[in-house]
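Per-entry structural report
Residue-level listing of the chains:
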Amino acid sequence: MQTIHTQIWQEEAEPGNPFAAQVARCHGYDVYGEMLGRARWSDMLFLLFTGQRPSERQAGLLESLAIALANPGPRDASVHAAMCGGIGGSPSAACLTAALAVGAGLNGGSREVFLAMENWQLCACDLTRWTNRLAEKPAATASIWPVAEHASGFDPHAVDTALPVRQTLAVLAACSPGERLPWLNEQRPALERLAGHPLALPGVAAAALADLGLTPEQGEMLYLLLRLPGAAAHALEQKQVSHRNFPFFALELAENTDGENS
Amino acid sequence: MNGPEYLSQKAGKLQTAMGGFFPGSHVVFRGQTLHTDLKDMDWMALYLFGICGRHFTAAQLQLMNALWTYTSYPDARIWNNRIAALSGSARSTGNLGLAAALAVSEAHIYGRGNEVQAITFFIATQQRLAAGDSLADCLHDEMNTHRRIAGYGRPLVNADERLGPIMAKAAELGLDQGPHIRLAFAIERFLLDSGRNLRMNYGAVVSAFGADLGLSPEEFYLFMIPSFLAGMPPCFLEARHAVEGSLFPLRCTDIAYEGPAPRKW
């Protein structure tokens, strides 16, 4: 019999039924017998991703990050996509699928967080390395992903650092167990000059996820997950209202839009 | 049959009559070999063979092809297409964008959710009418069950530009006089005559054709899944090659907040 190998989850079968578990352990901790009622959602998330119980500071940082990311708001492309599902009465999973697909990209999405976390791995808290890194042109390689068009973690359309970005950075930097968030908070103006754009929330999230000790792959996944609550709530709200109250926008049929290529 | 004993019999193997692949050798597709028996099969015919396990005539396949073609709209404002386009604008991948756009396409007011109700209603109504029930009773019961007649009325406008072309195509193929498509028009007439301005939409037409082609609601549902797909890549591509984040940008003032006034946490 072939088996699934995992270091995360261990189950002991109920007597008389090998298809039901009586004990389930996550990285060794009894989930239903000990964690339930004592552990927080952030404890469970951190445990699942890292295999370790978080320190108070790690759990606090993850809690605050989760609140900052929970709702990107209806102007965000991923929430907009989820609302497109809600307005037509699409299944809940389709609404979240839409939020995940659109929120996965390099412009404000999880791939941007992945790339920004790679930058943290390469540059740490060394301004010289950041200077060199942000001066590099991203290489065009054969990939399912487009080439990055702006420095990851920064907002190509912003004119200044948005207040919620500064507020999030200040709060997370104050509670972080790591050194990246405080350093980012200090060096933000210099990094923004190097990037040519103001810092954006994915950039703060990337530093926070790196301070939590996560890899870029783990950070990308967690960022996708943590932004879903708002998409879900807005999709549900649109299910309750008439599609006539949802923007359909005007159509201007053009011969060619190639001139607008980025 | 259920329980641990039954699950134990099923564990560790795939028991299937649908097919399978034998690495380095051959592939079985519903009892036939893919690279020999089915090697010249048109993709649409293969797709339907996979769903129904039977073959359709050339005219039937042409009609089914047209059912998809005539609803392939490269308009990024349409809700499912908008997801594909937003994926391009947000620099996600094409596969993610199109898959999510297809996932959303089983909506209640358009797409699969609408069609499944419509074909189920047409099949049941045809049977009830043959047994002597009245159309008025059938419509009354459907309204009571679903609070709508799926396939009648349209979200954005109460007219459907696809109807004329698809009926012309069906007539050209000699497939426009099936009992369910005639029933679909009879229902529209009945609704209009009873003062309800609910014109038939494309969902009703495709569902009626689906029933006339002998598809069950489940077969028809699966057949229609790619029906909007051809309109989606253009939406993705144009947004993907425009300035990132520039599709449908919304100002803060574009959000009409209607919730509680500001309060302290």
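As the structure is a prediction and not an experimental result, all values here were calculated from the model. (Residues numbered from 1 in each chain as written. Chains lettered and ligands numbered in written order. Predicted model: local features only at pLDDT ≥ 70, side-chain atom pairs only at ≥ 80, totals over all residues.)

1. Topic: the overall build of chain B
The helix and strand inventory of chain B stands at 12 helices and three strands. When the backbone C-alpha atoms are referred to their principal axes, chain B occupies close to 65 × 55 × 50 Å. Buried positions account for 36% of the 265 residues belonging to chain B. If you take every contact in chain B between residues at least 6 apart in sequence, the share linking residues at least 24 apart comes to 70%. (Helix = DSSP H or I, 4+ residues; strand = E, 2+ residues; numbered from the N terminus. Buried ≥ 20, exposed ≤ 12 C-beta atoms within 10 Å, placed from the backbone. Contact = placed C-beta atoms within 7 Å.)

2. Considerations on the interface of chain A and chain B
At the interface, 42 residues of chain A touch 38 residues of chain B. Elements with a minimum of two residues in the side of chain A that touches chain B: strand S2 (17-26), helix H4 (77-87) and helix H5 (92-102) of chain A. No other element matches H4 of chain A, which puts six residues into the side of chain A that touches chain B. Looking at the side of chain A that touches chain B residue by residue, the classes come out as 22 nonpolar, 17 polar and three charged. (Nonpolar A, V, L, I, M, F, W, Y, C, P; charged D, E, K, R; others polar.)

3. Here's the deal with the packing of helix H6 (residues 112-130) of chain B against helix H11 (residues 217-224) of chain B
All names here are of chain B. One way to put it is that H6 packs onto H11 with a least axis distance of 9 Å and a crossing angle of 150°. Between H6 and H11, the crossing angle belongs to the class labelled roughly antiparallel. For the pair H6 and H11, the crossing hand works out as right-handed. Where H6 abuts H11, its residues Arg112, Glu115, Val116, Ile119 and Thr120 lie against Pro217, Phe220, Tyr221 and Met224. The residue inventory of the contact of H6 with H11, partitioned by class, reads six nonpolar, one polar and two charged. (Axes fitted to C-alpha atoms, helices over the stretch in contact; angles between N-to-C directions. Parallel < 35°, antiparallel > 145°, perpendicular 65-115°, else oblique. Left-handed = near helix turned anticlockwise from the far one by under 90°.)

4. Description of the domain arrangement of chain A
Reports often express the size of an interface as the amount of accessible area lost when the parts come together. With domains assigned, chain A is organised as domain 1 (1-38) and domain 2 (104-138 + 146-226). Just the C-alpha atoms count here: the centres of domain 1 of chain A and domain 2 of chain A sit 37 Å apart. (Domains from an automatic or database assignment.)

5. Description of the environment of Val206 of chain B
All names here are of chain B. Within the fold, Val206 resides in helix H10 (residues 202-212). Look at Val206 and you get buried, because 30 C-beta atoms sit within 10 Å. Here the alpha-carbon distance between Val206 and Ser194, two residues 12 residues apart in the chain, equals 24 Å. Once residues within four sequence positions are removed from consideration, Val206 is found in contact with Leu67, Glu115 and Met224.

6. Digging into unusual backbone geometry
Located in the positive-phi region is Ala124 of chain A, a residue other than glycine, with phi close to 45°. With respect to the helices and strands, the residue Ala124 of chain A is situated in the loop between helix H6 (110-123) and helix H7 (127-135).

7. Remarks on the sheet that holds S2 of chain A
Residues and elements named next belong to chain A. Read from one edge to the other, the open sheet built from three strands follows the order S1-S2-S3, with strand pairing classed as antiparallel. Edge positions in the sheet fall to strand S1 (9-14) and strand S3 (29-30), since each of these pairs with one other strand and no more. Inspection of the sheet shows S1 paired to S2 by six bridges, in the antiparallel sense. What sits directly across from Gln10, in S2, is Arg25. (Pairing = 2+ DSSP bridges.)

8. Points about the environment of Thr125 of chain B
Residues and elements named next belong to chain B. Note on placement: Thr125 falls in helix H6. We classify Thr125 as buried; it has 23 C-beta atoms within 10 Å. The sequence separation of Thr125 and Leu183 amounts to 58 residues, and the corresponding C-alpha distance is 8.6 Å.

9. Some points on the pairing of S2 of chain A
All names here are of chain A. Counting the residues in the hairpin turn of S1 and S2 gives two residues, including Gly16, whose phi is positive at 85°. For S2 and S3, the ladder comprises two bridges, and the chain directions are antiparallel. Residue pairing in the sheet places Cys26 in a bridge with Tyr29 of S3. Where S2 folds back on S3, the antiparallel hairpin that results is connected by two residues, among which His27 adopts a positive phi of roughly 50°.

10. With respect to the pairing of strand S1 (residues 19-22) of chain B
All names here are of chain B. Examined bridge by bridge, S1 and strand S2 (residues 26-29) share four bridges and lie antiparallel to one another. Looking across to S2, one finds that Phe21 is bridged to Val27. The turn joining S1 and S2, which pair antiparallel and follow one another in sequence, is formed by three residues; a positive phi near 75° is taken by Gly24.

11. A word on the sheet that holds strand S3 (residues 32-33) of chain B
Residues and elements named next belong to chain B. If you walk across this open sheet you meet the three strands as S1-S2-S3, and the pairing is antiparallel. Two strands in the sheet have a free side with no partner beyond their single neighbour: S1 and S3. In this structure, S2 lies alongside S3, joined through two bridges in antiparallel fashion. Counterpart to Val28 in the pairing with S3 is Thr33.

12. Some points on the packing of helix H8 (residues 163-175) of chain A against helix H9 (residues 180-195) of chain A
Residues and elements named next belong to chain A. For the pair H8 and H9, the least separation of the axes is 8 Å and the interaxial angle reads 140°. Considered as vectors, H8 and H9 are oriented oblique to each other. For the crossing formed where H8 meets H9, the hand is left-handed. Packed against H8, whose contacting residues are Leu169, Ala170, Leu172 and Ala173, the element H9 presents Leu181, Pro182, Leu184 and Asn185 at the interface.

13. Observations regarding the nonpolar core
Counting 43 residues, the largest nonpolar core has Leu65, Val204, Ala205, Ala206, Ala208 and Leu209 of chain A as the members making the most contacts within it. Those elements that provide at least two residues to this core are helix H2 (41-50), helix H3 (56-69), H6, H8, H9, helix H10 (201-211) and helix H11 (216-226) of chain A. Top contributing element to this core by residue count: H10 of chain A, with eight residues. Contacts of Ala205 of chain A, omitting those with residues within four sequence positions, involve Leu65, Leu69, Val113 and Tyr223 of chain A. Membership of the second largest hydrophobic core comes to 42 residues, among which are Ala77, Leu100 and Ala235 of chain A together with Leu98 of chain B. (Core = buried A, V, L, I, M, F, W, Y, C linked by C-beta atoms within 7 Å.)

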